[in-house]
Amino acid sequence: MMSQLKRRILSARRLSSSITITHSSFLHRRPFSTSETDASSESLSSSHHKIQTHEDGAFSKGRGTNTSSLKEHELAKFSAISDTWWHSEGPFKPLHLMNPTRLAFIRSTLCRHFSKDPSSARPFEGLRLIDVGCGGGLLSEPLARMGATVTGIDAVDKNVKIARLHADMDPMTSSIEYHCTTAEKLVDEGRTFDAVLALEVIEHVANPAEFCKSLSALTIPKGATILSTINRSIRAYASAIVAAEYILQWLPKGTHQWSSFLTPEELTMILQRASVDVKEMAGFVYNPITGRWLLSDDISVNFIAYGTKKE
């Protein structure tokens, strides 16, 4: 499985024209490497043991007995800064800067998956998408503008209120259906979607395996699932925590816990066991000279994965 994944890693040259990336734009560019993406030389067997421990509790649960994968202190943390979602220079500045790059990957993969025209202004017309952990709607709104029927959910009520107020300001986004709920609860309600997205969320949940099981259950057979997160690597600790939280102060201190990060191998294994086959991966790298995020083959820090739900 991992050898197949290596061959499927997204080449930036396959991206849609919504963002221009050339080979020389990359800060780093290299093929997928197990030895360079695990955490401090931890073996994959150790990762397997960690994931299996999570699954002992998560995958034995029936559909009607799902428990929440939420961490209460994580909810409190994001609730405290919920009114700053749309402040481009506030605590969510990194997401504002990263959003065009995230959307380029999403447009490219979903258009190919659903045989849509990536050059269309509304390529997602007719698709039902859910943004899990939508926050203030930074991702939900552009998805709606691209024609999708969007549902955004978040467990923090203040986030949902901010998202709804902001979306109502634009007729193109006022149709977004926002709910203060969890993926697990929607699974119990029998809701399904063509594509399920959870960006920068899984590192904040208590049980990644259970969370991915819920994402899979929300995805229709042969549908698409997209997740992004931070690799559990030394480089990620240095850049995503030390630099971003303590030196540059882009994020409030304590936003991330290094031990909660997942390596690409771990995420792939968890998704595979949740009936999602990972097809492509790409990394996000920040260029401090231009102040822009770019897509790259370097998945040692921030990375995004696209998979398909098995029949």
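The structure this text deals with has already been given above.
Below, the structure is looked at part by part. Quick caveat, the model's predicted, so the values are computed rather than measured.

Further remarks concern the overall build of the protein chain. The helix and strand tally for the protein chain stands at 11 helices and eight strands. Scored against the burial criterion, the 311 residues of the protein chain give a buried share of 56%. A separation threshold of at least 6 residues defines the contact pool for the protein chain, and within that pool the share at least 24 residues apart is 74%. Accessible area for the protein chain stands at about 12900 Å²; split by element, carbon and sulfur atoms hold 54% of it.

Turning our attention to the packing of helix 9 (residues 208–218) against helix 11 (residues 264–273). Contact geometry of helix 9 with helix 11 gives a least axis separation of 9 Å together with a crossing angle of 50°. By the angle between their directions, the pair helix 9 and helix 11 is classed as oblique. In this structure, helix 9 crosses over helix 11, and the sense of that crossing is right-handed. Across the interface between the two elements, Pro208, Ala209 and Cys212 from helix 9 touch Leu267, Ile270 and Leu271 from helix 11. When grouped by side-chain class, the residues that make up the contact of helix 9 with helix 11 number six nonpolar, no polar and no charged.

With that out of the way, let us pick up the sheet that holds strand 4 (residues 193–199). Strand order in the open sheet made by the eight strands is 3-2-1-4-5-8-6-7, with mixed pairing throughout. Sheet topology places strand 3 (177–180) and strand 7 (292–296) at the edges, where each strand pairs with a single neighbour. Shown here is a sheet whose adjacent strand axes are inclined to one another by a mean of 20°, direction ignored. Summarising the sheet, strand 1 (residues 128–132) and strand 4 pair through three bridges and their orientation is parallel. Each bridged residue has a counterpart across the sheet, and for isoleucine 130 the counterpart in strand 4 is valine 196. Packed on one face of the sheet, helix 7 (residues 157–167) meets strand 2 (149–154) and strand 3 and runs near 165° to strand 3. Contacting strand 5 (219–230), strand 6 (276–287) and strand 8 (302–309), helix 11 crosses the sheet at an angle of about 150° to strand 6.

What counts, and at which threshold
- Residues numbered from 1 in each chain as written.
- Predicted model: local features only at pLDDT ≥ 70, side-chain atom pairs only at ≥ 80, totals over all residues.
- Heavy atoms only, no water.
- Helix = DSSP H or I, 4+ residues; strand = E, 2+ residues; numbered from the N terminus.
- Buried < 20%, exposed > 50% of the residue type's maximum accessible area, 1.4 Å probe, protein only.
- Contact = heavy atoms within 4.5 Å.
- Areas by Shrake-Rupley, 256 points an atom, 1.4 Å probe, with all protein chains shown as cover.
- Axes fitted to C-alpha atoms, helices over the stretch in contact; angles between N-to-C directions.
- Parallel < 35°, antiparallel > 145°, perpendicular 65-115°, else oblique.
- Left-handed = near helix turned anticlockwise from the far one by under 90°.
- Nonpolar A, V, L, I, M, F, W, Y, C, P; charged D, E, K, R; others polar.
- Pairing = 2+ DSSP bridges.

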